[in-house]
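Descriptive analysis of the structure
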Amino acid sequence: MVLYPYQEQVKTLIQAGQSVVLQAPTGAGKTRAALAPFVEGFFDLPDATFPRKCVYVVPMRVLANQFEHEYREYAAAYQRKFRRELRVTIQTGERPEDRRFEGDLIFCTIDQFLSSFLTIPYGLPRRLGNLNAGALAGAYIVCDEFHLLDPDSTLPSALYALKQLRHLAPVLVMTATFSRDMLDALARQLGAETLVLSPEEAHAIEQRDGVTALRQRKWFVTESALTAETVLARHQRRSLALCNTVQRAQMLYQALQRHIQENGLDIDVVLLHSRFLKEDRQRIEAELRDRFGKKADRSGSWIAVATQAIEVGVDITCEALHTELAPASALIQRAGRCARFPGEQGRVVVYPVESYAPYGKGQDDPGPEASWVGEMQAAWAWLEGHSGMALDFAGEQALVNAVAAPRDRRVLDGLDAGAASRAQAIQNVLSGSPPDTRLLVRDADSRLVLLHEAPELLLSNPYGATGFNIQRVTLYGMVKGWLEREGDFPWRVLQLVEKRSAAEESSAEYTWQPVTETRQVTGARVLVVHPELAGYLPAAGFVADRAAGSFRSALLPGAAVETWERPYYRLESYAEHIRQVLGAFVDLALPELGYVAPALERAAGWSPGSVTRAAWLACLFHDVGKLSEGWQAWAQAYQKQIGAPVAANFAAAHTDSEPGNARHQAVGRALQARRPNHAAESALAVGPVLVEALARNEPLVCATLTAIARHHTPSVDSGERYVLEAQAGQHLAEALQHLPEAQRQGLNLARIKTKGLGGAVATIRPDDLWGWLAYLLLARALRRADQEGTARGARGV
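For the structure given in this document, a descriptive report is provided here. Sequence order as written defines residue numbering, which begins from 1 separately in each chain. Local features in this predicted model are restricted to residues whose pLDDT is 70 or higher, and side-chain atom pairs enter the listing and the counts only when it is 80 or higher, whereas totals over whole chains, interfaces and linings include all residues. By convention in this description, side-chain values take in all heavy atoms of the structure and omit both hydrogens and water.

**Examining the overall build of the protein**
Let me state the cut-off plainly: Strands here mean DSSP runs of E at least two residues long; helices mean DSSP runs of H or I at least four residues long; both are numbered from the N terminus. The globule rule used here is 2.2 Å times the number of residues to the 0.38 power, and the radius of gyration it is set against is calculated over C-alpha atoms. Burial classes: relative accessible area under 20% of the type maximum marks a residue as buried, over 50% as exposed, and values in between as partly exposed (1.4 Å probe, protein chains only). Any pair of residues with heavy atoms lying within 4.5 Å of one another is described as a contacting pair. Computed with a 1.4 Å probe, the accessible areas rest on the Shrake-Rupley method; for each residue, only the protein chains presented here act as cover.
Looking only at helices and strands, the protein has 26 helices and 26 strands in total. Taking 28 Å as the expected radius of gyration for a compact globule of 797 residues, we find that the protein reaches 28 Å, a close match to that expectation. Summarising its shape, the C-alpha atoms of the protein cover approximately 85 × 65 × 50 Å along the three principal directions. Each of the 797 residues in the protein was classed as buried or not, and the buried ones make up 60%. Long-range pairs, those at least 24 residues apart, make up 76% of the contacts in the protein between residues at least 6 apart in sequence. A total accessible area of about 30200 Å² is found for the protein, and carbon and sulfur atoms account for 50% of it.

Pasting the structure below:
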């Protein structure tokens, strides 16, 4: 691909392992600058020299949708040329299509990124909490539109994550609107280089494709409110109207529809916000591209009404853009949808607001000068003094530096002052404490809301049901309204409760619990509302104030039968299971370690090959606890009661268990209390072997023990009393034959502790950076290999 000079500079730095903080105006090709190093490196560079995975983090789902659509097609062209697949995936609340972060190029929203890093991934049940964080370690992380993150929660949490992850792979932070003070401070904290697109190159980019006329947009402020009348008064052929809340956008859309119909106008109106179902959102986005895009059909007359869902990255344009007052960075992003392409002329009209929601409460908000509200007020004053003027990139930066720089300096002071307490809060979450999501991911903290009068039909996999991801702060008001609404309803709102079973390897079990007060929203991850209280309309989206439409939440195709959500087991010997797990490790997990394991070894000063060796050994030893007398006695009893007994000397790793088999389930429940745990017991038994095999590398030994102990439950840190059966050594020796010969060197199985009284496992602490990163990598490698190996065994592969 032909790149602009600044894009070439970004590629050179990133491929050399240097992190970058990039500022460039809207429409200048920041996304291409970010992804050229990865896409070209994926096909051109040796696997061990550049990350094999890229996680592209965006603040809004609409941006993830657009980029996934564009780069899936782009990757296909490279695949045809190089005959190698680059898997482009997406993971958002609306499109949970890569819940385990298995793609090569993953587009995700900030809440999915942060919750995964914190080992509380929103797209997975709690028992799989440590699966995704290992995918982030060693990945090339791109954080786009970084200025839109909440400075009190999401931004510092993301910055903490990037500061940890940058040690293994370069990170790229991109923005169009941070002040220079903020850019330089971010670069210092990330050990990154700052790149700011020069006005000369920005001007040259605007004149690409031989266009000589300059792109120009004039800014205006007006004292009137944003209404259907004001939009129609300035409408020509294409207009955009951007509101600060979904409710305001829905009201404006309805008012425009009424006014157009009553006056017989030939104008089409479309609405887009964050609460549409996937198929309707995709239809609307496609319509916007067709009518407002660079190659759009310019016939007809169209008005689009939207929220922040459209203010970043969406490649559309218009002649008139109407926006409610917002922070300066948001206003500039919104203006980027007006006169976006070379040679176009447009006007941006900014309207006052009665409420500062969702940015603040208003004049009585404590300390407005330290909040978004203060910046909004300053932006209004600055724009009043420049109303009617055309602002280019330099003019927009003047607005940012005049209005946002003071707030940015306060944000930087807050980041410094709160760094220690935030680090402790994050480490508490990583250690298994309940997360304070208000502190860590407040603005990106959403809940899945389902709509059904018989929610028990969704319990087989509620996380896989169609619904709406709604921010927690917004949901408080909705739930309050549903609980207080007059009327007689069978029930109003329910929250999902995940039953905590003491038994490992159990399928997740869920139930619904009534919501009786709004504070229950804080701890809930999934809610269901009765359809007599709320509804859904394909043109308007989710409506919280009334029953509407016939939509009901349903399980996504295949969601009820995903083997890693509701596992299927077949009777399998210990040695056979280890063979399957090691085979799955080679196919799935080992390729992921090809770049990151050596990178971690270099960063930590560990011996080459040590992390990969730890991963092999974790897979080999993870189920040693199943060779205990207690576990094998349970397996013998279970198989006998289901009518499929096994020989007394048979060492089982799994028993027959089908989710839909009533006899299997009944016997399993009857014997559940008798089944011993095995994961932490495995770690206790093999500790002495790992100390020798890993050359007494204490952080790596502890990381490996932690991965073994937590390969079913993420927060386990102690085991129970156990005694390995008499033939355990024989079964281990048989399993050992499936390990590559090079990895068998130095293994002394005689060092395995054949019995133990239980107690604490030597787990790694989150404040041990290298050990914790090793744990995340090993936990992911082991869990993926174990899950896939189990599935292969169940299929009889």
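**Some points on the pairing of strand β5 (residues 140-143)**
Just so we agree on the cut-off: A pair of strands counts as paired when DSSP detects no fewer than two bridges linking them.
Every second residue of β5 is oriented toward a common face, with Tyr-140 and Val-142 on one face and Ile-141 and Cys-143 on the other, all of them buried. Pairing of strand β2 (residues 54-58) with β5, which is carried by four bridges, proceeds in the parallel orientation. Across the sheet, Cys-54 pairs through a bridge with Tyr-140, a residue of β5. Of the pairings in the sheet, the one linking β5 to strand β6 (residues 171-175) comprises three bridges and is parallel in character.

**Re the packing of aromatic side chains**
This is how the line gets drawn: The criterion for an aromatic pair is that two Phe, Tyr or Trp rings (for Trp, the six-membered ring) have centres within 6.5 Å, with stacked assigned to planes under 30 degrees apart, edge-to-face to planes over 60 apart and tilted to the rest.
This model, assessed by the stated rule, comprises 18 aromatic pairs. A centroid spacing of 5.5 Å and a plane angle of 25 degrees characterise the contact between Trp-634 and Tyr-638, whose relative ring orientation is stacked. Here Tyr-638 and Trp-634 lie together in helix α20 (residues 629-641), a separation of four residues that amounts to about one turn. Of the two residues examined, Trp-634 and Tyr-638, each falls in the buried class. An aromatic cluster of three or more residues is present, and its members are Phe-468, Trp-482, Tyr-536, Phe-542 and Phe-551.

**What about the packing of helix α6 (residues 154-165) against helix α7 (residues 180-190)?**
Basically, it comes down to this: The angle between two axes is taken between their N-to-C directions and runs from 0 to 180 degrees, where each axis is a line fitted to C-alpha atoms and a helix contributes only its stretch in contact. Under this scheme an angle from 65 to 115 degrees is roughly perpendicular, one under 35 degrees roughly parallel, and one over 145 degrees roughly antiparallel; angles in between are oblique. Only Asp, Glu, Lys and Arg are considered charged, only Ala, Val, Leu, Ile, Met, Phe, Trp, Tyr, Cys and Pro nonpolar, and every remaining residue, Gly among them, polar.
Two numbers describe how α6 lies on α7: the axes approach to 9 Å, and their chain directions differ by 40 degrees. One way to sum up the angle between α6 and α7 is to call them oblique. Residue-level contacts link Leu-159, Leu-162 and Lys-163 of α6 to Leu-186, Gln-189 and Leu-190 of α7. The residue makeup of the contact of α6 with α7, split by class, is four nonpolar, one polar and one charged.

**Brief notes about the packing of α7 against helix α14 (residues 393-430)**
Two elements in contact, α7 and α14, have axes separated by 8 Å at closest approach and are oriented at 30 degrees. If you check the angle between α7 and α14, you find them roughly parallel. On α14, the residues that touch Arg-180, Asp-181, Met-182, Ala-185 and Gln-189 of α7 are Asn-401, Asp-408, Arg-409, Val-411, Leu-412 and Asp-416. When its residues are assigned to classes, the contact of α7 with α14 shows four nonpolar, two polar and five charged.

**Quick word on helix α21 (residues 662-671)**
Inclusion rule: As used here, the arc belongs to the directions running from the helix axis to the C-beta atoms. Under the rule applied, a polar contact is a pair of N or O atoms within 3.5 Å (in protein, one hydrogen donor and one hydrogen acceptor; residues adjacent in sequence only if both atoms are side-chain atoms).
If you check which residues of α21 are buried, you get His-664, Val-667 and Leu-671. Buried residues of α21, seen end-on, are gathered within an arc of 75 degrees and therefore sit on one face of the element. Facing away from the buried side of α21 by more than 90 degrees, the exposed set consists of Ala-662, Arg-669 and Ala-670. The inward-facing, buried residues of α21 contact α20. With a side-chain oxygen lying 3.0 Å from the backbone nitrogen of Arg-663, the N-terminal cap of α21 falls on Asn-661.

**Some thoughts on the sheet that holds β2**
An order of β3-β4-β2-β5-β6-β1-β7 is seen for the seven strands of this open sheet, with the pairing classed as parallel. Two strands close off the open sheet at either side, each with one partner strand: β3 (88-91) and β7 (193-196). Strand-to-strand twist in this sheet, taken as the mean axis angle between neighbours without regard to direction, amounts to 15 degrees. Taken strand by strand, helix α2 (residues 30-44) contacts β1 (20-23), β2, β4 (105-109), β5 and β6, and its axis lies near 165 degrees from that of β2. Across the sheet, α7 lies against β1, β6 and β7, angled at about 150 degrees from β7, the strand it touches most.

**A closer look at the pairing of strand β13 (residues 345-351)**
As a reminder of what qualifies: When the strands point away from the viewer, a crossover counts as right-handed if the route from the first strand across the helix to the second turns clockwise.
Counting buried residues along β13, five of its seven residues qualify, which places the element largely inside the surrounding structure. Alignment of strand β12 (residues 320-324) against β13, held across five bridges, turns out to be parallel. Note on β13: the bridge partner recorded for His-322 is Val-349. Chirality of the crossover, the property in question, places the unit of β12, helix α12 (residues 328-335) and β13 among those that are right-handed.

**Remarks on helix α3 (residues 61-82)**
Selection rule: Residue count minus one, scaled by 1.5 Å, sets the expected span of a helix.
With 22 residues, α3 should reach 32 Å at 1.5 Å per residue; the first-to-last C-alpha distance of 31 Å fits that figure. Among the residues of α3, those classed as buried are Arg-61, Val-62, Leu-63, Ala-64, Asn-65, Gln-66, Phe-67, Glu-68, Tyr-71, Tyr-74, Ala-75 and Tyr-78. Backbone geometry just downstream of α3 places Arg-83 in the positive-phi region, at approximately 55 degrees.

**What to know about the pattern of salt bridges**
Applied cut-off: Whenever a carboxyl oxygen of Asp or Glu lies within 4 Å of a side-chain nitrogen of Lys or Arg, that contact is scored as a salt bridge.
Summed over the entire model, instances satisfying the criterion amount to 33 salt bridges. Residue Asp-104 is joined to Arg-87 by a salt bridge in which the shortest nitrogen-to-oxygen separation is 3.0 Å. Pair noted here: Asp-104 is in the loop between β3 and β4 and Arg-87 is in the loop between α3 and β3, with a separation of 17 residues, a long-range link. In this structure, the salt-bridge partner of Asp-184 is Arg-180, at a minimum N-O distance of 3.1 Å. Here Asp-184 and its partner Arg-180 are both found in helix α7, four residues apart, which amounts to about one turn of the helix. Under the relative-accessibility criterion, Arg-180 is labelled partly exposed at 43%. What emerges from the salt-bridge pattern is a single network uniting Lys-53, Arg-100, Glu-102, Glu-592, Arg-780 and Arg-784.

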